[in-house]
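Now for the letters of each chain:
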Amino acid sequence: MTDLTDGVLHTLFQSDQGGHEQVVLCQDRASGLKAVIAIHSTALGPALGGTRFYPYATEAEAVADALNLSRGMSYKNAMAGLDHGGGKAVIIGDPETIKTEELLLAYGRFVDSLGGRYVTACDVGTYVADMDVVARETRWATGRSPENGGAGDSSVLTAYGVFQGMRASAQHLWGDPTLRGRKVGIAGVGKVGHHLVEHLLSDGAEVVITDVREESVRRILDKHPGKVTAVTDTDALIRAEGLDVYAPCALGGALNDDSVPALTAHVVCGAANNQLAHPGVEKDLADRGILYAPDYVVNAGGVIQVADELHGFDFDRCKAKASKIFDTTLAIFARAKEDGIPPAAAADRIAEQRMAEARGR
């Protein structure tokens, strides 16, 4: 426990990845709940970010993920133009085996105890039905079902926003905001990825997919026979001949020291959070001439949707906001070129400027 505590304290108070306002360790023995709620910043407003339910190998991994994800939410919400800071929660355990109504209700009570400083939503391992249960204990749960006053599945607009980021990437690189005739590889066709497939097919793209869940791949292939192809794994996908765009849509860390040198794509634009495995990967991409659309910019459609839920959800209003991801992505590419830095660094500068201005009010 000493190593875990020392690591958390170092990250919070000393490292460049720190700066978190609050980290809450939550435990309810009766239900088996073990969770971490991390609030990175409330400079722009209440921290907003989803709840990830995942079987972490260690508690240290869970804490590290909560810290990284919550920091990313600060930047995402700032770039999306939302009046929200960044927060994230993780529940430790396999949702297939330990998720119960009692556990979710206990989690809702912890969220409520923060008095609105943290607003939660769905993420990996949590769904609309889960947020309906959590919302029975707190008003600070979004991503609920329409029947319970919510906006429903936020992956719909997440995929739409990623598609807008791809269109902006195509405009910047090839001078035309379309993926027609381009070969796009999607790693992960679950919540967000299967919606992204629909956008790309409608736009005339050639789509190649892979997923660790065979049933997810089969669902796509059965729905679009002859229009979508599948490969065995992500390693095969990133090495696919003639790939124009690579879309990581599963867990983070997809862009690392092994995958970047092997990439055949000219563009990386996907829905996964924290795609860059470590600082410096963005430079490796740039050195190879690969255009990177910052993940937290292009995947902001979902958070735009759940944020709107707090004010009375209107889908058309949200879709209009998510459409602006196209312009935001182009502005980042322009800033990167102007400053002579990778797009990820340009996005960080813009987000940090907005947060700094908010703190100075």
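Please read all numbers here as calculations on a predicted model, not as lab measurements.

### Quick look at the side chain of S216
- Its place among the elements puts S216 in helix 8 (residues 214-223).
- S216 gets classed as buried once you look at its relative accessible area, which sits at 10%.
- If sequence neighbours within four positions are ignored, S216 has contacts with V189 and D211.

### Topic: the sheet that holds strand 11 (residues 267-268)
- Strand order in this open sheet of 6 strands is 9-8-7-10-11-12, and the pairing throughout is parallel. In the strand order of this sheet, the two ends are held by strand 9 (228-230) and strand 12 (291-292), each with one partner.
- Bridge count between strand 11 and strand 12: 2 bridges; the pairing is parallel. By the bridge assignment, V268 is partnered in strand 12 with Y292.
- With respect to the sheet, helix 8 is in contact with strand 8 (206-210) and strand 9, its orientation differing from that of strand 9 by roughly 150°.

### Focus on the state of the cysteines
- Inspection of the entire model under this criterion finds 0 disulfides.
- This cysteine, C26, is not joined by any disulfide, and C122 carries the nearest cysteine sulfur, 18 Å off.
- There is no disulfide at C122, and the cysteine sulfur nearest it, in C318, is 15 Å away.
- The class for C122 is buried, based on a relative accessible area of 17%.

### Some thoughts on the pattern of salt bridges
- Using the criterion set out here, one finds 19 salt bridges in the structure.
- The shortest N-O distance in the salt bridge between D65 and R52 comes to 3.6 Å. Here R52 lies in strand 4 (residues 51-54) and D65 lies in helix 2 (residues 59-79), a separation of 13 residues in the sequence. Neither residue differs from the other here; D65 and R52 are each classed as buried.
- Note that E309 and R144 form a salt bridge whose closest N and O atoms lie 2.9 Å from each other. Pair noted here: E309 is in helix 13 (residues 301-309) and R144 is in the loop between helix 5 (128-134) and helix 6 (155-174), with a separation of 165 residues, a long-range link. The same class applies to E309 as to R144, namely buried.
- Counted as one network, the salt bridges with shared partners bring together R52, D65, K88 and D123.

### Description of the packing of aromatic side chains
- Taken as a whole, this structure holds 3 aromatic pairs when the rule is applied.
- Their ring planes at 70° and their centres at 5.1 Å tell us that Y54 and Y56 sit as a pair that is edge-to-face.
- On the basis of relative accessible area, Y56 is assigned to the buried category, the value being 10%.
- For the ring pair Y75 and Y296, a centre distance of 5.8 Å and an interplane angle of 65° mean the geometry is edge-to-face. Here the residue Y75 occupies a position in helix 2, and Y296 occupies one in helix 12 (residues 295-298), the gap between them amounting to 221 residues.
- The residue whose ring lies beneath R182 is W174, and the NZ or CZ to ring-centre distance is 3.9 Å.
- The positively charged end of K191 is found above the aromatic ring belonging to Y127, 4.3 Å away from the centroid.

Cut-off values and rules
- Residues numbered from 1 in each chain as written.
- Predicted model: local features only at pLDDT ≥ 70, side-chain atom pairs only at ≥ 80, totals over all residues.
- Heavy atoms only, no water.
- Helix = DSSP H or I, 4+ residues; strand = E, 2+ residues; numbered from the N terminus.
- Buried < 20%, exposed > 50% of the residue type's maximum accessible area, 1.4 Å probe, protein only.
- Contact = heavy atoms within 4.5 Å.
- Pairing = 2+ DSSP bridges.
- Axes fitted to C-alpha atoms, helices over the stretch in contact; angles between N-to-C directions.
- Disulfide = S-S within 2.5 Å.
- Salt bridge = Lys/Arg side-chain N within 4 Å of Asp/Glu carboxyl O.
- Phe/Tyr/Trp six-rings, centres within 6.5 Å; stacked < 30°, edge-to-face > 60°.
- Lys NZ or Arg CZ within 6 Å of the ring centre and 35° of its normal.

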